[in-house]
Amino acid sequence: AQKVTQAQTEISVVEKEDVTLDCVYETRDTTYYLFWYKQPPSGELVFLIRRNSFDEQNEISGRYSWNFQKSTSSFNFTITASQVVDSAVYFCALVREGSQGNLIFGKGTKLSVKP
Amino acid sequence: GAGVSQTPSNKVTEKGKYVELRCDPISGHTALYWYRQSLGQGPEFLIYFQGTGAADDSGLPNDRFFAVRPEGSVSTLKIQRTERGDSAVYLCASRYAGTAIYEQYFGPGTRLTVT
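Attention here is on the structure that accompanies the text. All residue numbers refer to positions counted from 1 along the written sequence of the respective chain. All chains are assigned letters beginning with A, and all ligands numbers beginning with 1, in the order in which they are written. Note on the predicted model: pLDDT of at least 70 is required for a residue's local features to be given, and 80 or more for side-chain atom pairs to be given and counted; whole-chain, interface and lining totals, by contrast, use all residues. The basis for every side-chain value is the complete set of heavy atoms in the structure, and neither hydrogens nor water enter the calculation.

## Describing the overall build of chain B
Next, step 1: Only DSSP runs of H or I reaching four residues or more are called helices, and only runs of E reaching two or more are called strands; each is numbered from the N terminus. Assigned secondary structure in chain B consists of 0 helices and 11 strands.
Next, step 2: In chain B, the succession of α and β elements from N to C terminus is β-β-β-β-β-β-β-β-β-β-β.
Next, step 3: Throughout, the radius of gyration refers to the C-alpha atoms, and the reference size of a globule is 2.2 Å times the residue count to the power 0.38. The C-alpha radius of gyration computed for chain B amounts to 13 Å, which stays within 12% of the reference 13 Å derived for 115 residues, consistent with globular compactness.
Next, step 4: Principal-axis analysis of the C-alpha atoms gives chain B an extent of 40 × 25 × 25 Å.

## Considering the interface of chain A and chain B
Next, step 1: We call two residues in contact whenever any of their non-hydrogen atoms come within 4.5 Å of each other. With 21 residues of chain A in contact, the opposing surface of chain B contributes 21 residues.
Next, step 2: Accessible-area loss on putting two parts together, using a 1.4 Å probe and summing over both, is the definition of buried area adopted here. Together, the buried faces of chain A and chain B total about 1,700 Å²; carbon and sulfur atoms form 55% of this surface.
Next, step 3: When a carboxyl oxygen of Asp or Glu lies within 4 Å of a side-chain nitrogen of Lys or Arg, that pair is called a salt bridge. Along the contact surface separating chain A from chain B lie 0 salt bridges.
Next, step 4: Elements supplying a minimum of two residues to the side of chain A that touches chain B: β5 (32-39), β6 (46-52) and β10 (88-96) of chain A.
Next, step 5: Here the side of chain A that touches chain B is built from residues that sort into 9 nonpolar, 7 polar and 5 charged. Note on residue categories: nonpolar means Ala, Val, Leu, Ile, Met, Phe, Trp, Tyr, Cys or Pro, charged means Asp, Glu, Lys or Arg, and polar means any other residue, Gly included.

## Concerning the pairing of strand β8 (residues 75-79) of chain B
All names here are of chain B.
Next, step 1: The buried fraction of β8 is high, at 4 of 5 residues.
Next, step 2: Relative to β8, strand β3 (residues 19-24) runs antiparallel, the two being bridged by 5 bridges. Bridging across to β8, Val-19 finds its partner in Ile-79.
Next, step 3: Where strand β7 (residues 65-68) meets β8, 4 bridges bridge the pair, whose relative direction is antiparallel. If you follow Phe-65 over to β8, its bridge partner there is Ile-79.
Next, step 4: Strand pairing follows a simple DSSP-based rule, namely that at least 2 bridges must link the two strands. Taken together, β7 and the strand that follows it, β8, pair antiparallel across an intervening segment of 6 residues, in which Gly-72 is found at a positive phi of about 75 degrees. Relative accessibility under 20% of the residue-type maximum defines a buried residue, over 50% an exposed one, and the middle range a partly exposed one, all with a 1.4 Å probe and only protein chains included.

## A closer look at the sheet that holds β3 of chain B
All names here are of chain B.
Next, step 1: Strand order in the open sheet formed by 4 strands is β1-β3-β8-β7, with antiparallel pairing between adjacent strands. Each edge of the open sheet carries a strand with a single partner, namely β1 (5-7) and β7. Each strand of the sheet is rotated relative to its neighbour by a mean of 15 degrees, with strand direction disregarded. Fitting a line to C-alpha atoms yields each axis, with helices limited to the stretch in contact; the angle taken between N-to-C directions then spans 0 to 180 degrees.

## Some words on the side chain of Asp-86 of chain B
Residues and elements named next belong to chain B.
Next, step 1: Looking at the secondary structure, you find Asp-86 in the loop between β8 and β9 (88-95).
Next, step 2: A polar contact is formed between the side chain of Asp-86 and the side chain of Arg-64, at a distance of 2.8 Å.
Next, step 3: We define a polar contact as two N or O atoms separated by no more than 3.5 Å, with the added condition that, inside protein, one atom must be a possible hydrogen donor and the other a possible acceptor, whereas residues neighbouring each other in sequence contribute only through side-chain atom pairs. In terms of polar contacts, Asp-86 uses its side chain to reach the backbone amide nitrogen of Glu-83, at 2.8 Å.
Next, step 4: In contact with Asp-86, other than residues within four places in its own chain, are Arg-36, Arg-64, Phe-65, Ile-79, Leu-112 and Val-114.

## Here's the deal with the side chain of Asn-102 of chain A
Next, step 1: Structurally, Asn-102 of chain A can be placed in the loop between β10 and β11 (104-105).
Next, step 2: Within the local environment of Asn-102 of chain A, its side chain forms a polar contact with the side chain of Asp-56 of chain B, the two groups lying 3.2 Å apart.
Next, step 3: Asn-102 of chain A has contacts with Leu-94 and Val-95 of chain A together with Tyr-33, Tyr-35, Phe-45, Tyr-48 and Asp-56 of chain B, leaving out every residue within four places of it along the chain.

## Focus on the pairing of strand β4 (residues 31-37) of chain B
All names here are of chain B.
Next, step 1: With 7 of 7 residues buried, β4 is to be regarded as a mostly interior element.
Next, step 2: Taking every second residue as pointing to the same face, both faces of β4 are buried, with Ala-31, Tyr-33, Tyr-35 and Gln-37 on one and Leu-32, Trp-34 and Arg-36 on the other.
Next, step 3: Alignment of β4 against strand β5 (residues 44-50), held across 6 bridges, turns out to be antiparallel. Within the sheet, the bridge partner assigned to Leu-32 lies in β5 and is Phe-49.
Next, step 4: Here β4 hands over to β5 after 6 residues, with Gly-40 in that stretch at a positive phi of 75 degrees.
Next, step 5: Where β4 lies against β9, 7 bridges are found, and the strand directions are antiparallel. Paired with Tyr-35 across the strands is Leu-91, a residue of β9.

Here it is, written out as structure tokens:
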């Protein structure tokens, strides 16, 4: 069975602090994809990144970076120098290769960035 | 271009009533998904369409839930004899299904409240 765990329910930081959102996944498949989505207060899920299971290179996009470690089944997300606009719920999700693409989501981490 | 749209944005109905929720996917996206997001949870898969047919309806909770996509574009999620437990945000997503699994584009959701 596939499962995604986001142990941090809520995180509160002050603007300009760095923050890391944790994601641990479970799957028996060798080929799968991992995603991060952002859900701002407006409610629409916004795609941030996709990673396939064969690509363990870390990725950086502006203030965002992702650390994928198969050895610990983790796909953590770091926001550097957080801003108030980063306040949202962040979801980690998993899709296994060969499936119909149904995303399996974690419960999300609510990030609040205070000015 | 236009994103995924969902109507209505909010729906309040009485217990026992019938409701229809509509999703307009991105033009050209043949794959369409419905998810349900309960308060404080991540989205949960309901049903997947490839073209006009429901390729996977394993996530539908019971036979009160039904979805159609008669022309391979717009989809309608139908809920009969609504119950208070059906209250949630119903999300629709679409993706181009011509190649490997890529990111799904989500609509803003329909917030259903059953009183």
